[in-house]
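Single-letter residue listing:
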Amino acid sequence: MKMSRRTPPSLQHLAMQSLLSNQALAIAALEDLPVLLFPSLFEEVYARAQTEMLKALVQAWPFSCLPLGDLAESPDLETFNTVLDGLDLLLAKKERPNVLNNRPTESSSLLITEEQPLIIHKNLTIKDGSQNALQAYLLQWAREKQERIQLCLRKLQIHSNSIYIIQKALLAVQLDSIQELKVNKFWHRETMKKFAPYLSQMKNLRILKFSRMSANFNTSRHKNFSYSCKYAVHLGQLQHLQELYVHKVFFLYGQLPTILRNLTLLKTLSLSSCPLKEADLWFLSQCPCSRQLKHLRLRSLPLDNFSPEPLRALLEQAAGTLETLALEDCAITDPQLLGMLPALIQCSQLRVFSFYGNHISMSAVQSLLSHTARLPHLRRGLYPAPLESYPPQGCRVGNFDSQRFAQVQAKLAQALRDMGTTQKVQICTNFSHSHKTCQFYTLGPEGNWVVTMEHLPGLSALPL
């Protein structure tokens, strides 16, 4: 237990220290120990690596669940092995205490059956290369005792392209216990093909982050579409999703209706560097889940050939709940922006608006600023440098003309003073999504522009 030097130890902590000073007496005292002290005592004993006490504590565990949390990240395999040895002894007795307010008696114990297994909670990371020894040992142990225990995960991260490694781990866990899943770098189609059925079994998934799965461009467009449909069907079965983040995958193209149709709890949607049809955007604008969106990001999606109507309709649909809106690097032009402005002004709950990387003129930027200045809760706005900041040959990231931009800065500073806006206005002149950095010019309180290189915020970090 970590405590500040200024914070005196609690009476509970002092009592625990006194108890653990004599391991034999501590073990004998477990029968009379209040149930509520077991979790904190477990953490303390594990940290001290008092193996005999740890084994006895696990055998006397009074709850139906054992939260391992991050304990299995410890480098001490022997200490962790002691926990599993204690569980083996507990299972061997074929009895497990009920969860009661007071210390359970022998008569209140329950037989460990298939209907009432011992539940172990743990977060898990699957990756290529050398596996974590503790994690590998736990998974092997759980596979051998699947009839008696359930290994439940709140959070699962997959940083592997080996379906063998992935399947070996997933076969040891309760898939419907997973609430948060992060999948990264599924470069091979076959990996995704075999993984998708497992995904659809994660019925209670709340957060899904899926990134970096490229199409095999040597296959036909028909085959790509066929695979996309199959993946979308599995994703469409995750009816409890509240947050969906998708980055650099090919299978969204034309599949948003299948994926989002059954979602009723979605609060956060982030689509980045994914091919979309205009029909996808139209569906999103009409989907019931859009009515309660709080955070929406569309990043690096070329929308310049799309009609402004679906985007306007989407903002109207989400206007009552939207707190974060990011339309970044989408090649949005003046006509599209002007078409969506009436809907944007309806987003009365908006706190953060990110619009950098789009291709709009000085007059469009000024019109955008005048509209966002009327949003009552807006605290931060990220805007693109207008087209007049660049050489005549065209707009390109990082290629703005300093003299032209100086004139733009002066006009924008005056316009902002006239508007009296309270939002933090930042003009983006250069950004790199691969390095997650962005160069901003921020208008200071004295009317001067201050240049900074900042880390690009993720969608969850955007709200102030």
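Here, the structure is the one placed above.
Predicted model only: the values in this text are computed from it and were never measured. (Residues numbered from 1 in each chain as written. Predicted model: local features only at pLDDT ≥ 70, side-chain atom pairs only at ≥ 80, totals over all residues. Heavy atoms only, no water.)

Enquirer: Help me understand the overall build of the chain, please; the structure alone is not making it clear to me.
Expert: The helix and strand inventory of the chain stands at 15 helices and 16 strands. Burial analysis of the chain (464 residues in total) assigns 48% to the buried set. In the chain, of all internal contacts separated by at least 6 residues, the share reaching a separation of at least 24 is 75%. (Helix = DSSP H or I, 4+ residues; strand = E, 2+ residues; numbered from the N terminus. Buried < 20%, exposed > 50% of the residue type's maximum accessible area, 1.4 Å probe, protein only. Contact = heavy atoms within 4.5 Å.)

Enquirer: Where do I start with the packing of aromatic side chains in this structure?
Expert: Any pair of aromatic rings gets described here by the distance separating the centres and the angle formed by the planes. Scanning the entire structure with this criterion turns up twelve aromatic pairs. Aromatic side chains Trp-61 and Phe-63 sit 5.5 Å apart centroid to centroid with 70° between the ring planes, which places their arrangement in the edge-to-face category. Neither residue differs from the other here; Trp-61 and Phe-63 are each classed as buried. Ring centres of Phe-210 and Phe-251 lie 5.6 Å apart, and the angle between their planes is 85°; on these two criteria the pair is classed as edge-to-face. Separated by 41 residues along the polypeptide, Phe-210 in strand E7 (residues 207–213) and Phe-251 in the loop between strand E8 (243–249) and helix H10 (256–260) bring together distant segments of the chain. The exposure class assigned to Phe-210 is buried, which follows from its relative accessible area of 3%. An aromatic cluster is present here, built from Phe-38, Phe-42, Tyr-46, Trp-61 and Phe-63 joined pairwise through their rings. (Phe/Tyr/Trp six-rings, centres within 6.5 Å; stacked < 30°, edge-to-face > 60°.)

Enquirer: What exactly am I supposed to notice about the nonpolar core here?
Expert: When a protein is soluble and globular, its nonpolar side chains tend to lie buried together. In terms of nonpolar packing, the biggest core is built from 132 residues, with Leu-87, Leu-156, Leu-181, Phe-195, Phe-251, Leu-252 and Leu-260 touching the most fellow members. It is helix H5 (residues 77–92) that contributes the most residues to this core, six residues altogether. Ignoring any residue separated from it by four or fewer positions in sequence, one finds Leu-156 in contact with Leu-124, Ile-126, Leu-170, Ile-178, Glu-180, Leu-181, Lys-182 and Met-202. Listed in part, the seven residues of the second largest apolar core include Leu-382, Cys-428, Cys-438 and Phe-440. (Core = buried A, V, L, I, M, F, W, Y, C linked by side-chain atoms within 4.5 Å.)

Enquirer: Please explain empty space enclosed by the protein as it appears in this structure.
Expert: Which parts of space are left empty comes out when a probe the size of a water molecule is rolled across the atoms. In total, this model carries one cavity of 30 Å³ or more according to the counting rule given. Around the largest cavity, the lining residues are Leu-281, Leu-303, Phe-306, Ser-307, Pro-308, Leu-311 and Gln-336. For the lining of the largest cavity, the class distribution of residues is five nonpolar, two polar and no charged. (1 Å grid on protein atoms, 1.4 Å probe; cavity = no way out; pocket = protein on both sides within 12 Å on 5 of 7 lines; lining within 4 Å. Points joined across faces, edges and corners; volume = space filled by probe spheres on them. Nonpolar A, V, L, I, M, F, W, Y, C, P; charged D, E, K, R; others polar.)

Enquirer: Quick question: what am I supposed to make of the pairing of strand E9 (residues 268–272) here?
Expert: Consecutive side chains along a regular strand alternate between the two faces of the sheet. When you tally the buried positions in E9, you get five out of five residues, the bulk of the element. Residues Thr-268, Ser-270 and Ser-272 line one face of E9 and the alternating positions Leu-269 and Leu-271 line the opposite face, and both faces are buried. Where E8 lies against E9, five bridges are found, and the strand directions are parallel. Across the sheet, Val-246 pairs through a bridge with Leu-271, a residue of E9. Looking at chain direction, E9 and strand E10 (residues 295–299) are connected through five bridges and run parallel. From the neighbouring strand, Leu-271 faces E10, where its bridge partner is Leu-298. (Pairing = 2+ DSSP bridges.)

Enquirer: Could you clarify how one ought to interpret helix H6 (residues 133–144) in this entry?
Expert: For H6, built from twelve residues, the straight-helix expectation of 16 Å at 1.5 Å per residue is met to within 8% by its first-to-last C-alpha distance of 17 Å. When H6 is considered as a whole, its buried residues turn out to be Leu-134, Gln-135, Leu-138, Leu-139, Trp-141 and Ala-142. Looking straight down H6, one finds its buried side chains confined to an arc of 165°; they lie on one side. (Expected span 1.5 Å × (residues − 1). Arc of directions from axis to C-beta.)

Enquirer: Any chance you could explain the side chain of His-371 here in plain terms?
Expert: Tracing the sequence through the fold places His-371 in helix H14 (residues 362–372). In this structure His-371 touches Leu-341 and Ile-345, once residues within four positions along its chain are discounted.

Enquirer: What's the story with helix H15 (residues 402–419) in this structure? I'm lost.
Expert: Taking 1.5 Å of rise per residue, 18 residues should cover 26 Å, and H15 covers 25 Å from first to last C-alpha, within 8% of that figure. Looking only at H15, the buried set comprises Phe-405, Val-408, Gln-409, Leu-412, Ala-413, Ala-415 and Leu-416. Residues of H15 that are buried in the fold lie against H14, strand E14 (424–432), strand E15 (437–443) and strand E16 (449–455). You can read the cap of H15 off the contacts: a side-chain oxygen lies 3.0 Å from the backbone nitrogen of Gln-403, and it is on Asp-401. Backbone geometry just downstream of H15 places Gly-420 in the positive-phi region, at approximately 65°. (Polar contact = N/O pair within 3.5 Å; in protein donor to acceptor, adjacent residues only side chain to side chain.)

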